[in-house]
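Read off the chains here:
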Amino acid sequence: LEDWPSDKVPGLYECLSGRLPIDLADCSLPTAVRRICEARPERLGQLRPELSGDIETIVARAMDADPARRYQSAGELALDIRRHLEGLPILARSD
């Protein structure tokens, strides 16, 4: 997981929620670009309540629109996932 490419995080969202972070179906390329830049994905806990809490917070941080607020490496993401799995407090903070 530490070498996992950061561009795979939307795939993580899709794997957990069953849908893409932003609906781009039936839209033109300019509309798709605008949606990607402006829209915020629905929180995982709203789609699947059992993902509320740490998992939702981890994925939201990994996909934050502001690069400075995202995990700075796949290793940081892996660390928070490990902490969650071990029952330890995660380092990401929910907004």
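This text follows the structure it describes.
Undergrad: I keep staring at the overall build of the protein and nothing clicks. Help me out?
TA: Tallying secondary structure elements over the protein gives 5 helices and 0 strands in all. From first element to last, N terminus to C terminus, the protein shows the α and β order α-α-α-α-α. The burial tally for the protein puts 24% of its 95 residues in the buried class. Within the protein, counting contacts between residues at least 6 apart in sequence, those at least 24 apart form 43% of the total. Accessible area for the protein stands at about 6400 Å²; split by element, carbon and sulfur atoms hold 53% of it.

Undergrad: Looking at this structure, how should I read the nonpolar core?
TA: The tendency in soluble globular proteins is for nonpolar side chains to be buried side by side. Counting residues in each nonpolar core, the largest one holds 6 residues, listed as Ile-58, Ala-62, Tyr-71, Leu-77, Ile-90 and Ala-92. For Ile-90, the residues in contact, after removing those within four places along its chain, are Asp-54, Thr-57, Ile-58, Asp-80, Arg-83 and His-84. Listed in part, the 5 residues of the second largest apolar core include Leu-12, Tyr-13, Leu-51 and Val-59.

Undergrad: What's the story with unusual backbone geometry in this structure? I'm lost.
TA: One can expect most non-glycine residues to show negative phi and most peptide bonds to be in trans. Even without a glycine there, the phi angle at Asp-26 is positive, about 55°. Within the fold, Asp-26 resides in the loop between helix H1 (9–17) and helix H2 (29–38). Taking relative accessible area as the criterion, Asp-26 reaches 86% and is therefore assigned exposed.

Undergrad: Is there a simple way to explain the environment of Arg-35 in this structure?
TA: Within the fold, Arg-35 resides in helix H2. When the C-alpha positions of Arg-35 and Leu-24 are compared, they lie 7.7 Å apart, and in sequence the two are 11 residues distant. Leaving out residues up to four positions away in the same chain, Arg-35 has contacts with Ile-22, Asp-23, Leu-24, Ala-25 and Cys-27.

Undergrad: Just to check I follow, could you spell out the packing of helix H4 (residues 54–62) against helix H5 (residues 74–85) for this structure?
TA: Packed helix pairs are characterised by how far apart their axes lie and by the angle those axes make with each other. Two elements in contact, H4 and H5, have axes whose closest approach is 10 Å; the angle formed by their N-to-C orientations is 175°. It follows that H4 is roughly antiparallel to H5 by the angle criterion. Of the residues in H5, those touching H4 at Asp-54, Ile-55, Ile-58, Arg-61 and Ala-62 are Glu-76, Leu-77, Asp-80, Ile-81 and His-84. The class makeup of the residues in the contact of H4 with H5 is 5 nonpolar, 1 polar and 4 charged.

Scoring rules and cut-offs
- Residues numbered from 1 in each chain as written.
- Predicted model: local features only at pLDDT ≥ 70, side-chain atom pairs only at ≥ 80, totals over all residues.
- Heavy atoms only, no water.
- Helix = DSSP H or I, 4+ residues; strand = E, 2+ residues; numbered from the N terminus.
- Buried < 20%, exposed > 50% of the residue type's maximum accessible area, 1.4 Å probe, protein only.
- Contact = heavy atoms within 4.5 Å.
- Areas by Shrake-Rupley, 256 points an atom, 1.4 Å probe, with all protein chains shown as cover.
- Core = buried A, V, L, I, M, F, W, Y, C linked by side-chain atoms within 4.5 Å.
- Axes fitted to C-alpha atoms, helices over the stretch in contact; angles between N-to-C directions.
- Parallel < 35°, antiparallel > 145°, perpendicular 65-115°, else oblique.
- Nonpolar A, V, L, I, M, F, W, Y, C, P; charged D, E, K, R; others polar.

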